[in-house]
Amino acid sequence: MSEFLLEVQDLVTSFPGSGSERARVVDGVSFNIRPGEVMALVGESGCGKSVSALSLLRLVPKPGAIESGSVLLDGKDILSLSVPDMRKVRGHEMSMIFQEPMTSLNPVVRVGDQVVEAIRLHEDVSVKAARSRTLELFKQVRIPDPEVRLDAYPHHLSGGLKQRIMIAMALATRPKLIIADEPTTALDVTIQAQILSLLRQLQQELDTAVLLITHDLGVVNELADRISVMYAGRIVEQGDRREVLANPGHPYTRGLLRSMPGLGRPGEPLAEISGMVPAPADWPRGCRFCTRCSEVLDICESEVPARRRLSLTHHVACHAVEATE
């Protein structure tokens, strides 16, 4: 039996490109997550992180499509399931916290009823039992006056409370894996800290695995056990959080770290990674970071870098890195 709860291997998801060509937004992505572990998928906007998450749930919007690869959840082949069987997995064994709580809730349905519906969709329980469970979930995610909030509409609640509702909904059926897509993006700094603390506490209490999708390495340092760094549809670095943040092997990872605001540097401009993530139709033939990299070699423009091992738990795909034997 595998040690991993989720195993993603060579996942390819594409959208229509120019002519008959399809643009691979997710291009050969592989990673895995152990039970109870927090894996962070990190990168700039446009790198393919959210499309990767939607692929795991088989929610890629048309005309996008999963072309190839495998996704195993607790040994179950997600990509081969029928539509009815996938509905049983989605929201039950694997659930998602979306990045925009303001638009993820139905504005004309009371928030308590929305959680009740999620429970009854996957479990044969009465409305009364589901409502009782919802009240307990509201208490679990630290919603003040939970009895009152059950009957509130989304527009009655702050952004932070809406996000707590989304977390409660994701936890409603005790999933094995929660995908958290930029869970603090729309919140102010104080509320962000509260939501991150809540996520960590709940993850530890329930021993639920989490795939955390973010561009914020500060959030990664707060929550993650391991990191996969994604750029232009591919994973460029993977490893234990401490190793990756202390000894980043890929120039892109180093650029992300340098661009973070830090204490003790008042008045100094932030470092930046020049240029932008290229569009999928314009990705370079070799290393996709070569057009923005300050350490580029001639080989980078023509050959895709192989995955090199820096340690037993730390790998990087870069021509400029020496592998450990």
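Please refer to the structure placed before this passage.
Residue positions within a chain follow its written sequence, with the count starting from 1. Since the coordinates come from a predicted model, pLDDT governs what is reported: local features require at least 70, and pairs of side-chain atoms require 80 or more to be given and counted, while whole-chain, interface and lining totals use all residues. Hydrogens and water molecules were not included; the side-chain quantities draw on all heavy atoms of the structure.

Undergrad: Could you give an account of helix α5 (residues 127–140), with specific residues and numbers?
TA: The first and last C-alpha atoms of α5 sit 20 Å apart over 14 residues, in line with the 20 Å expected at 1.5 Å per residue. Burial status follows relative accessibility: with a 1.4 Å probe on protein chains alone, a residue under 20% of its type maximum counts as buried, one over 50% as exposed, and anything between as partly exposed. Think of it this way: any DSSP run of H or I at least four residues long counts as a helix, any run of E at least two long counts as a strand, and we number them from the N terminus. Within the span of α5, buried status applies to A130, R133, T134, L135, L137 and F138. On its buried face, α5 sits against α4 (111–122), α6 (146–149) and α7 (159–171). In the segment just after α5, R142 is the residue with positive phi, at about 60 degrees. Helix span, as expected, comes to 1.5 Å for every residue beyond the first. Throughout, a residue-residue contact means that at least one pair of heavy atoms, one from each residue, lies within 4.5 Å.

Undergrad: Tell me about the sheet that holds strand β7 (residues 177–181), residues and numbers included.
TA: Only when DSSP finds a minimum of two bridges between them are two strands counted as paired. Pairing in this open sheet of eight strands is mixed, and the strands run β6-β7-β8-β3-β9-β10-β12-β11 from one edge to the other. What marks the edges here is a single partner per strand, and that holds for β6 (94–97) and β11 (307–311). Looking at each pair of strands side by side, their axes are set apart by 20 degrees on average, direction ignored. In this sheet, strand β8 (residues 209–214) lies alongside β7 in parallel orientation, the contact comprising five bridges. Angular values range over 0 to 180 degrees, each being the angle between N-to-C directions of two axes fitted as lines to C-alpha atoms, with helices fitted over their stretch in contact.

Undergrad: Just give me the short version of the sheet that holds strand β4 (residues 65–73), but keep the residues and values in it.
TA: Strand order in this open sheet of four strands is β2-β1-β4-β5, and the pairing throughout is antiparallel. With partners counted over all chains shown, the strands left at the sheet margins are β2 (22–33) and β5 (76–77), one partner each. Where strand β1 (residues 6–16) meets β2, nine bridges bridge the pair, whose relative direction is antiparallel. Of the residues in β2, the one forming a bridge with V12 is D27.

Undergrad: Quick rundown of the side chain of E93? Include the residues and the values.
TA: With respect to the helices and strands, the residue E93 is situated in the loop between α2 (83–89) and β6. The definition of a polar contact used here is a pair of N or O atoms within 3.5 Å, where within protein one atom must be able to donate a hydrogen and the other to accept one, and adjacent residues in sequence count solely through side-chain atom pairs. A polar side-chain atom of E93 sits 2.8 Å from a polar atom in the side chain of K76. The residues touching E93, leaving out its near neighbours within four places in the chain, are L73, K76, K88, P175, K176 and L177.

That's the geometry; what it means functionally is another story.
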